[in-house]
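What follows is each chain in one-letter form.
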Amino acid sequence: MPDKIITKVPENYEWEIHNLQAYADKKAALARGEITELQLREFEHKYKESEAQREGRWRREHVMKEMHIQNAQNYREFKDNPKSFLTKMIDMGKHVSEWWVKRPKKPVPGRGKLVQNPITGDWQQEYKPNKSMNMRAWLDAANQGKVMKHMNPQGKSLDREPTEQEKGISAEMKKIRGKKVWQWVLKETDNFGRGWTDPKWGKLYKGEPGRGGKNIKPGKYSIK
């Protein structure tokens, strides 16, 4: 029997709290007895994502999950019978990732080797420091900003709380990454099967599927 298709956000799907650093501070303050549980709940309510944000996040996660499952199935079929799979993809007008058969360049210089995932075909670089050191020495070096220099060129200590400016930059970059992921999803799914040609009436819809016309504003239409 096929799995039941979920079309709305499950009630047990957790809400996301914005301002995570302040949220962690509040929970620590509650553990120390400095604030009440009611004050913590008020903070959660104030910085909780909206219903639309929660629904959008849930839909994106499900779309990404389905795409990862489909990608794993395609990669397994490609490994079992490359010729047959390529022929099928050509007939369907779809492309095959060149990185399934081609090794990419290392994203970060270093000793770490690129390893291909046997299930998805994705590549990932191993983390291997140029100089071997024990954990305590690594933590001491991290406190002095002497590790992971490709990600920390300014040499700041990793054992510190981010500044308000860094929090703002992080939030902005998170939005940019989200937009890039969404554009990638639209491209990989061919706009969820809708294509990119404007319809005879109105404009091409590029939103999330399954919303049932929710929050759609009335527009002006003309016959082409």
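Residues numbered from 1 in each chain as written. Predicted model: local features only at pLDDT ≥ 70, side-chain atom pairs only at ≥ 80, totals over all residues. Heavy atoms only, no water.

What follows concerns the confidence of the model for the chain. For the chain, the mean per-residue pLDDT works out to 80, and 86% of the residues sit at or above 70. Model confidence for the chain, summarised as mean pLDDT per element, is weakest for helix α5 (residues 135-143) at 82 and strongest for helix α2 (residues 37-47) at 90. (pLDDT = per-residue confidence, 0-100. Helix = DSSP H or I, 4+ residues; strand = E, 2+ residues; numbered from the N terminus.)

This next bit is on the packing of helix α1 (residues 20-31) against α2. Here α1 crosses α2 at 170 degrees, and the two axes come no closer than 10 Å. In terms of axis orientation, α1 runs roughly antiparallel to α2. Note on element contacts: α2 touches α1 through Glu37, Leu40, Phe43 and Glu44, opposite Ala22, Tyr23, Lys26, Lys27 and Leu30. By residue class, the composition of the contact of α1 with α2 is 5 nonpolar, no polar and 4 charged. (Axes fitted to C-alpha atoms, helices over the stretch in contact; angles between N-to-C directions. Parallel < 35°, antiparallel > 145°, perpendicular 65-115°, else oblique. Contact = heavy atoms within 4.5 Å. Nonpolar A, V, L, I, M, F, W, Y, C, P; charged D, E, K, R; others polar.)

Further remarks concern a nonpolar patch on the surface. A contiguous nonpolar patch, built from Tyr127, Met148, Met151 and Leu158 and spanning about 430 Å² of accessible area, is present on the exposed surface. For tyrosine 127, the location among the structural elements is in the loop between β2 (123-125) and α5. Residue classification places tyrosine 127 among the exposed residues on the basis of a relative accessible area of 53%. (Patch = residues over 30% accessible without salt bridge, like charges linked within 9 Å, V, L, I, M, F, W, Y side chains within 5 Å. Areas by Shrake-Rupley, 256 points an atom, 1.4 Å probe, with all protein chains shown as cover. Salt bridge = Lys/Arg side-chain N within 4 Å of Asp/Glu carboxyl O. Buried < 20%, exposed > 50% of the residue type's maximum accessible area, 1.4 Å probe, protein only.)

In this section: unusual backbone geometry. In terms of backbone geometry, most residues other than glycine have negative phi values and most peptide bonds are trans. Non-glycine residue asparagine 19 carries a positive phi angle of around 60 degrees. In this structure, asparagine 19 sits in the segment before α1.

Relative to the elements of secondary structure, tryptophan 123 occurs in strand β2. Separated by 19 residues in the primary sequence, tryptophan 123 and proline 104 place their C-alpha atoms 7.9 Å from one another. In this structure, tryptophan 123 is in contact with Trp99, Lys102, Arg103, Pro104, Leu114, Val115 and Gln116, ignoring residues within four places of it in sequence. One polar contact links the side chain of tryptophan 123 to the main-chain carbonyl oxygen of tryptophan 99, over a distance of 2.7 Å. (Polar contact = N/O pair within 3.5 Å; in protein donor to acceptor, adjacent residues only side chain to side chain.)

Now for the side chain of arginine 57. For arginine 57, the position within the fold is in helix α3 (residues 51-80). At 3.0 Å, the side chain of arginine 57 and the side chain of tyrosine 13 are in polar contact. For arginine 57, the residues in contact, after removing those within four places along its chain, are Tyr13, Glu14, Trp15, Glu16 and Glu49.

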